[in-house]
Amino acid sequence: MSEHDPNCIFCKIVEGKIPSKKVYEDDDILAFHDIHPWAPVHFLMIPKRHIASLAHAQPKDAEVLGRMMALVGELAMKEGARPYPEGGFRVVVNTGADGGQEVHHLHLHVIGGPRPWLKG
Ligand code: 5GP
Ligand code: ZN
């Protein structure tokens, strides 16, 4: 599919070529556990369509990105984040080299659970 980058590991996860522990999936969105979790809850949410970073997001991407944000809370609770306000979670979108982005397919890190966490 032209919407997938053959060299992108997250596109390979979308296509099932690399296995992942799935948290959620629909036609446009996939969520799966990070292989190196920083905290008791740590999963990634991606648009299935390859968007290299948040710096590449266009108006046409607003719907899927909005749906991702609207889903985070529900999925975080399902994965074990404690309820707001005592609990909660962190959403991080590393973007570009200065932003610490290593995988160039837009992803939300959703991080939560009781502290301490490895990072932050
Ligand atoms: P970034 O630094 O780009 O924001 O984060 C990329 C994240 O992807 C890292 O936290 C890393 O652990 C995770 N990651 C990299 N490769 C894989 C993989 O093959 N499978 C999974 N589940 N996570 C990965
Ligand atoms: Zn990709």
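Here is a short report on the structure shown in this document. Values in this document were obtained by computation on a predicted structure and should not be read as measured data. (Residues numbered from 1 in each chain as written. Chains lettered and ligands numbered in written order. Predicted model: local features only at pLDDT ≥ 70, side-chain atom pairs only at ≥ 80, totals over all residues. Heavy atoms only, no water.)

1. What to know about the site of ligand 1
Thinking step 1. The local shell around ligand 1 holds 16 residues, among which H33, D34, E102, H107 and H109 are the closest.
Thinking step 2. G100 has a polar backbone atom sitting 3.1 Å from an oxygen atom of ligand 1.
Thinking step 3. Within the contact set of ligand 1, an oxygen atom lies 2.7 Å away from a backbone nitrogen or oxygen of E102.
Thinking step 4. For ligand 1, the accessible surface in isolation is 520 Å², of which the surrounding protein chains cover 87%.
Thinking step 5. According to the grid-proximity analysis, the pocket containing ligand 1 is the largest pocket.
Thinking step 6. For the shell around ligand 1, the secondary structure elements donating two or more residues are α1 (9–14) and β2 (29–33).
Thinking step 7. Looking at side-chain class alone, the shell around ligand 1 contains 7 nonpolar, 7 polar and 2 charged residues. (Near = heavy atom within 4 Å. Polar contact = N/O pair within 3.5 Å; in protein donor to acceptor, adjacent residues only side chain to side chain. Areas by Shrake-Rupley, 256 points an atom, 1.4 Å probe, with all protein chains shown as cover. 1 Å grid on protein atoms, 1.4 Å probe; cavity = no way out; pocket = protein on both sides within 12 Å on 5 of 7 lines; lining within 4 Å. Sits in = over half its atoms within 2 Å of the grid points. Helix = DSSP H or I, 4+ residues; strand = E, 2+ residues; numbered from the N terminus. Nonpolar A, V, L, I, M, F, W, Y, C, P; charged D, E, K, R; others polar.)

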